[in-house]
Amino acid sequence: MKAMNFIKTLLVITVVLFANVTVFARNLNNNLIYNAEEVNGVKVAETVYKMEGNLLTKYMKYNYKYDENNQITENIAQKWDAENNCWTNDLRISYTYDNKSVTTEYSKWNKKKGEFILIPSMTVTMDK
């Protein structure tokens, strides 16, 4: 009986250890390179490149806008369209501030309409 419990415990420990090693290895292999652009100490854009072999390829780009208090008001995410060799809009996050709270609205790019469409279910208001 004790031997069976010992084997079960050893098996559980082995599985947990293997799962942790697998997760750690996956995190090391994401191959993303970040290049931030700053103006007056404020990040206004960030381009993300993907390492594929010995080449860097464009992957994502984030553009940021701020208000007069240097609070972020907008974050637009764009994906690289290799077929058309250009950045295409993907997601916009808008931030609205008042004295007590911050409202975050998510909008997804609609290619057919050529505009961002609000996703009401993802609108969140949080107290400061």
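Parameters and conventions
- Residues numbered from 1 in each chain as written.
- Predicted model: local features only at pLDDT ≥ 70, side-chain atom pairs only at ≥ 80, totals over all residues.
- Heavy atoms only, no water.
- Helix = DSSP H or I, 4+ residues; strand = E, 2+ residues; numbered from the N terminus.
- Buried < 20%, exposed > 50% of the residue type's maximum accessible area, 1.4 Å probe, protein only.
- Contact = heavy atoms within 4.5 Å.
- Polar contact = N/O pair within 3.5 Å; in protein donor to acceptor, adjacent residues only side chain to side chain.
- Pairing = 2+ DSSP bridges.
- Salt bridge = Lys/Arg side-chain N within 4 Å of Asp/Glu carboxyl O.

*Asks:* Whenever I open this one, the environment of Tyr 97 confuses me. Can you help?
*Replies:* Along the chain, the position of Tyr 97 falls in strand β5 (residues 86–97). In this structure Tyr 97 comes out as partly exposed when scored by relative accessible area, which is 25%. With 30 residues separating them in the primary sequence, Tyr 97 and Asp 67 have C-alpha atoms 10.0 Å apart. Not counting residues up to four positions away in its chain, the partners in contact with Tyr 97 are Asp 67, Gln 71, Ile 72, Val 102 and Lys 128. Of note is the side chain of Tyr 97, whose polar atom sits 2.6 Å from the backbone oxygen of Ile 72.

*Asks:* For this particular structure, what's the right way to read the pairing of strand β3 (residues 55–66)?
*Replies:* Each regular strand carries side chains that alternate between the two faces of the sheet. As defined by bridge partners, strand β2 (residues 42–52) adjoins β3 across eight bridges and the pair is classed as antiparallel. When the bridges of β3 are listed, Tyr 49 appears paired with Lys 58. Taking the residues that link successive antiparallel strands as the turn, the β2-β3 hairpin has two residues, and the phi of Gly 53 there is positive, at about 70°. Across seven bridges, β3 lies against strand β4 (residues 72–81) in antiparallel orientation. Paired with Tyr 64 across the bridge in β4 is Asn 75. Linking β3 back to β4 in an antiparallel pair, the connection comprises five residues, with Asn 70 at a positive phi of about 60°.

*Asks:* Explanation requested: the pattern of salt bridges in the structure shown.
*Replies:* The final tally for this structure, using the stated rule, is four salt bridges. Between Glu 74 and Lys 65 there is a salt bridge, with the nearest N and O atoms lying 3.4 Å from each other. Two residues, Lys 79 and Asp 90, come together in a salt bridge whose shortest N-O distance is 4.0 Å. Taken together, the residues Lys 79 in strand β4 and Asp 90 in strand β5 connect sequence positions eleven residues apart. A relative accessible area of 14% places Asp 90 in the buried class.

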